[in-house]
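Residues per chain are reported as follows:
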Amino acid sequence: MADPGTENGSDALARLASVRGLNSAEDVVMQWDSNSSDHARQSKIWEGLQHESDAYLEAVDEIQTALESLTVGGNNQKELTRAQNLCQLAMTRLEEELRHLLLTCSEPIDPEWLVDNCSRAGSFNSRRLDDAEGGNDFDADVNDDVDAGVDGEVDAAERPDDEEQREDKPFSRPVGNVNPVLDFIPPATVLDLTNIVKRMIIGGYERECVQVYASIRKNVLEETLTLLGVEKLSIDEVGRMKWEDLEVKISKWNQRMKVCVRALLASEKHLCESVFANAPVSVACSCFNELGKGPMMQLLSFGEAVAISRRSPEKLFKILDMYETIRDLLPDIKDTFCGEACAPLRADVEAILARLGECAKRTFGEFEIAIQRDGSRIPVPGGGVHPLTKYVMNYIKFMCDYSDTMKLLFDEKEYDLDDEGGNESSREGSFRDGSLRDSPRYSSRSNDGERGGSTELSTLGTQTIWVTKVLLSNLEEKSKLYRDLSLTYLFLMNNIHYIVQKVKTTEVRAVVGDDWVRKNTSQVRQYASSYQRAAWGKILSCLRDEGIHTGGGFSSGVSKPVLKERFKSFNAAFEEVQKAQTSWVIQDDQLRDELRIAISDKILPAYRSFLGRYGHYMETQRHPERYIKYTSEHVEEFLNNLFEIHSPSLSSRDLRRRSSHHGSSHHGDVLGICIWR
């Protein structure tokens, strides 16, 4: 059994050592007490020599050791009270030094330097859409003052060695090729901050430590956001903003969001973890949440304001850009704002992402409604492609650049809807509901009656097909503005052909499927045939043999009065076609050539044959030019220049040669317009 006297002697020695350590620590702490001298009040420990700050930290450690020893002993209340008072003085001084150090080295980050480091590390990649045809621009981004095309990493040899230069401007320390981790504070200063924070937390000043650090670094983040051009805009301000102005702000927001999440906030998180390295993980997490959630929500509030603003079709692509930006950054955000303290913020991010996704779907619904409501009553001259057709197809083409995102939003679930042969009267469901579940107009199966097969379509494919149907329905109404039935058919042929070509030559084809392409290509042929019958049927009827022969047979005589009337009728009909169709247009070269050939193959042989059989009867009459006004060459020349815009006329031989080479044209397969029966 141990001797009690020996134990009491050991305790006494320990307490004596604590008191001696406390005495030496007291000298150091009181030396830097602000009330002790002007020097202590006006100077800062960590601005002096290294041994002074080291001595102060050792003094704090001595005080902590004395407190532990005296608390365990419990027999010297006077010394314990003295140690507690010294600890409070030291903590107050450390808090002051912490604040001063942070304020000294916490300047707003140079935005150009920050963006440049992100560019070097490849932290963001912008999407750019080409200008749309016909003056309809759907830009997915705007020119910005950020050059995101710089590759490579910062060479350590290029970093400034001078300590003053390093403190004047932050320097980067890229990690890998994804996200740049940037040192906003020189490592030597970070070590000083870490040592101070460690002593304050041990001394029971965790709350004060976190409060000082978070408030100062939060101000730095907010000032840096301002320098980056991130504005504090209310929902009302966003709602009242002109689209042209909002479009520019969204483009900047997309880049600034990537810079802030992948560089600014990630580096700030790294700094916070370094400073609080000796504290429990929950302390660093709570501190970063305190300083980072405000700037993060400032960024996200703009996305929320856009998501709940008034919807219009032209906003879709910018909204999708914002959705993709947050979606792509979501793993980074979850990694940066991890831990239980940041759970509410992570939930807010996911909620805003969901609202942007819903906004994109409903905006696409507004696009359909806008097509339905387009009631322009001015017919396109010459039956050309309507501006609405160009707008809609360019819109769909650009939308398919976001096909992966759109499929995700609309969900890849297939709906077993009725076949297209069902009710065609109206569509009960609309895109305002986000799907075509209630629409009997088009099935998720694209049926091909000729082949007996079907292709499963995504929900996006089904909805895209529906939009083309809405467009075609509107075009059918617009076609009724033409008084000439043949021009009605020409207008529909031109517009559906434009739609088909846009689909065939873009990513839209993969969305709507080949069955849709075949079906609508067939529709173009049908309208081409209908045009030929309506425009040229009357002329062909003048070239028939029926009724010309007196006895009803070819061996009988010819009724010259009837023959004269036939030639006069042909002349009148041909002149009517000339007058009407001189200004009619087909903008697509291949379609124009094929239709000319189809007409020429029917009209020219019939007219030449008619002239060969009956022309000589008119030549013996007085004033034969009254009946035979046009030679076959005149007719051929007119046909060769049908639907011409500014191209030189071509002979039938030239047309056939061009048609034979269309297999390698940018249109792909030859349309194959048939001569009507």
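Scroll up for the structure.
The present account deals with the structure reproduced in this document.

Cut-off values and rules
Residues numbered from 1 in each chain as written. Predicted model: local features only at pLDDT ≥ 70, side-chain atom pairs only at ≥ 80, totals over all residues. Heavy atoms only, no water. Core = buried A, V, L, I, M, F, W, Y, C linked by side-chain atoms within 4.5 Å. Buried < 20%, exposed > 50% of the residue type's maximum accessible area, 1.4 Å probe, protein only. Helix = DSSP H or I, 4+ residues; strand = E, 2+ residues; numbered from the N terminus. Axes fitted to C-alpha atoms, helices over the stretch in contact; angles between N-to-C directions. Parallel < 35°, antiparallel > 145°, perpendicular 65-115°, else oblique. Left-handed = near helix turned anticlockwise from the far one by under 90°. Contact = heavy atoms within 4.5 Å. Nonpolar A, V, L, I, M, F, W, Y, C, P; charged D, E, K, R; others polar. Phe/Tyr/Trp six-rings, centres within 6.5 Å; stacked < 30°, edge-to-face > 60°. Expected span 1.5 Å × (residues − 1). Bend = angle between axes of the 7 residues up to and from the residue. Salt bridge = Lys/Arg side-chain N within 4 Å of Asp/Glu carboxyl O.

1. Observations concerning the nonpolar core
Inference 1: Judged by nonpolar contacts, the single largest core of 181 residues is most densely connected at M257, F276 and W536.
Inference 2: When residues of this core are assigned to their parent elements, the largest contribution, 14 residues, is made by helix α10 (residues 243-275).

2. Observations concerning the packing of helix α4 (residues 77-105) against helix α7 (residues 187-202)
Inference 1: Packing of α4 against α7 leaves a shortest axis separation of 10 Å and a crossing angle of 155 degrees. In terms of orientation, α4 and α7 fall into the roughly antiparallel class. The two elements α4 and α7 cross, and the hand of that crossing is left-handed. Contact residues: α4 offers M91, L94, E95, E97, L98, L101, L102 and C105, while α7 offers T189, D192, L193, I196, V197, R199 and M200.
Inference 2: Residues of the contact of α4 with α7, tallied by class, amount to 10 nonpolar, one polar and four charged.

3. Some details on the packing of helix α13 (residues 343-373) against helix α16 (residues 459-479)
Inference 1: One way to put it is that α13 packs onto α16 with a least axis distance of 9 Å and a crossing angle of 15 degrees. When the axis of α13 is compared with that of α16, the two are roughly parallel. Considering how the two elements wind past one another, α13 and α16 form a crossing that is left-handed. Residues F364, F367, E368, I371 and Q372 of α13 touch α16, and the partners they reach there are Q463, W466, V467, V470, L471 and N474.
Inference 2: Grouping the constituent residues of the contact of α13 with α16 by class yields seven nonpolar, three polar and one charged.

4. Structural notes on the packing of aromatic side chains
Inference 1: In this structure the tally under the stated criterion is 21 aromatic pairs.
Inference 2: Summarising the aromatic geometry, the rings of F367 and Y395 are spaced 3.7 Å apart at their centres and angled 15 degrees between planes, so their arrangement reads as stacked. With F367 in helix α13 and Y395 in helix α14 (residues 387-400), this residue pair connects regions lying 28 residues apart in the sequence.
Inference 3: Look at Y489 and Y527: their rings are 6.3 Å apart centre to centre, the planes differ by 35 degrees, and that puts the pair in the tilted class. Taken together, the residues Y489 in helix α17 (residues 485-504) and Y527 in helix α19 (residues 514-542) connect sequence positions 38 residues apart.
Inference 4: One aromatic cluster is present, built from ring pairs that chain together F317, F364, F367, Y391, Y395, F398, Y402 and F410.

5. Some thoughts on the side chain of T224
Inference 1: For T224, the position within the fold is in helix α8 (residues 206-227).
Inference 2: Overall, the relative accessible area of 0% leaves T224 in the buried class.
Inference 3: Among all residues touching T224, those that are not within four sequence positions of it are P108, I109, L114 and L264.

6. Thoughts on α19
Think of an α-helix as 3.6 residues a turn; residues three or four steps apart then line up on the same face.
Inference 1: Taking 1.5 Å per residue, 29 residues should reach 42 Å; α19 reaches 42 Å between its end C-alpha atoms and fits that length.
Inference 2: Roughly 55 degrees is the biggest bend found in α19, and it falls at W536.

7. Quick notes on the pattern of salt bridges
Inference 1: Applying the stated criterion to the full structure yields 28 salt bridges.
Inference 2: A salt bridge links R41 to D38, with the nearest nitrogen and oxygen atoms 2.1 Å apart. Residue R41 and its partner D38 are located together in helix α2 (residues 38-42), separated by three residues, close to a single helical turn.
Inference 3: You can call R41 partly exposed: its relative accessible area is 42%.
Inference 4: Of the residues examined, D38 reaches a relative accessible area of 46% and is grouped as partly exposed.
Inference 5: Here E636 makes a salt bridge to R608, at a shortest N to O gap of 3.4 Å. Of this pair, E636 sits in helix α22 (residues 632-640) while R608 sits in helix α21 (residues 589-619); the two residues are 28 residues apart in sequence, bridging distant segments of the chain.
Inference 6: Residues joined by salt bridges that share partners form a network here, namely E26, E79 and R82.

8. Regarding the environment of Y213
Inference 1: Mapped onto the elements of the fold, Y213 is located in helix α8.
Inference 2: For Y213, a relative accessible area of 0% corresponds to the buried category.
Inference 3: Those residues within four positions of Y213 in sequence are excluded, and the remaining contacts are L102, E268, L271, C272, V275, F276, C287 and L291.

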